[in-house]
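Listed here are the chains, written in short residue letters.
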Amino acid sequence: KKDIPAVNFIIHEIHCRRNIEICPYCSDSIPKSEMKNHIESEHVQVTCKCRMKMESSLLKDHEASSCPLRPVLCQFCDIQLAFCKLQEHELYCGARTEPCGRCGRHVLLRELPEHPRVCG
């Protein structure tokens, strides 16, 4: 899959046919001696803690960005919890109040960023 000088093409093609295979899953060119290891490390099916099955090469991205059990921080109290529980927690947590340092009024945590506009 790369440009080869015409002078070397026949020798290169013979070498590739003997030593290189195309992965049936990802179409990458892999040395024949490494194909079994490539498939076992990149394409074996694994199960995430959320019970979703995927290729092992996709697990890291899944855990970081789309797993419902990935850890996230609450914007109000900074505790770590599962993403799937974040919305319910923040509804409760954001409804807590704190006194404003300027006007003394008790303000919902979720309204605190906008409070300075209407304060006093």
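Our subject is the structure that appears above.
Residues numbered from 1 in each chain as written. Predicted model: local features only at pLDDT ≥ 70, side-chain atom pairs only at ≥ 80, totals over all residues. Heavy atoms only, no water.

**Details of the packing of aromatic side chains**
Per the stated rule, a full pass over the model turns up zero aromatic pairs. Taking NZ or CZ as reference, arginine 70 lies 3.8 Å from the ring centre of phenylalanine 83, over its face. (Phe/Tyr/Trp six-rings, centres within 6.5 Å; stacked < 30°, edge-to-face > 60°. Lys NZ or Arg CZ within 6 Å of the ring centre and 35° of its normal.)

**Some points on helix 2 (residues 35-43)**
An α-helix turns once per 3.6 residues; consequently, residues spaced three or four apart project the same way. If you check which residues of helix 2 are buried, you get Met35, His38 and His43. Projection of helix 2 onto a plane perpendicular to its axis shows the buried side chains occupying an angular sector of 70 degrees, all on one side. Away from its buried face, by an angle of more than 90 degrees, helix 2 presents the exposed residues Lys36 and Asn37. Along its buried surface, helix 2 packs onto strand 1 (20-22), strand 2 (29-31), strand 3 (45-47), strand 4 (53-55) and helix 3 (56-66). (Buried < 20%, exposed > 50% of the residue type's maximum accessible area, 1.4 Å probe, protein only. Helix = DSSP H or I, 4+ residues; strand = E, 2+ residues; numbered from the N terminus. Arc of directions from axis to C-beta. Contact = heavy atoms within 4.5 Å.)

**Digging into the pattern of salt bridges**
Throughout the structure, instances matching the rule amount to one salt bridge. The salt bridge involving glutamate 13 is made with arginine 17; its shortest N-O contact spans 3.0 Å. One end of the pair is glutamate 13 and the other is arginine 17, both in helix 1 (residues 9-19) and four residues apart, which spans about a single turn. (Salt bridge = Lys/Arg side-chain N within 4 Å of Asp/Glu carboxyl O.)

**Looking at the nonpolar core**
One finds Val72, Cys74, Leu81, Leu86 and Cys93 forming the largest nonpolar core, which totals five residues. Discounting residues that sit within four places of it in the chain, valine 72 has contacts with Ile79, Gln80, Leu81, Ala82, Phe83 and Leu86. (Core = buried A, V, L, I, M, F, W, Y, C linked by side-chain atoms within 4.5 Å.)

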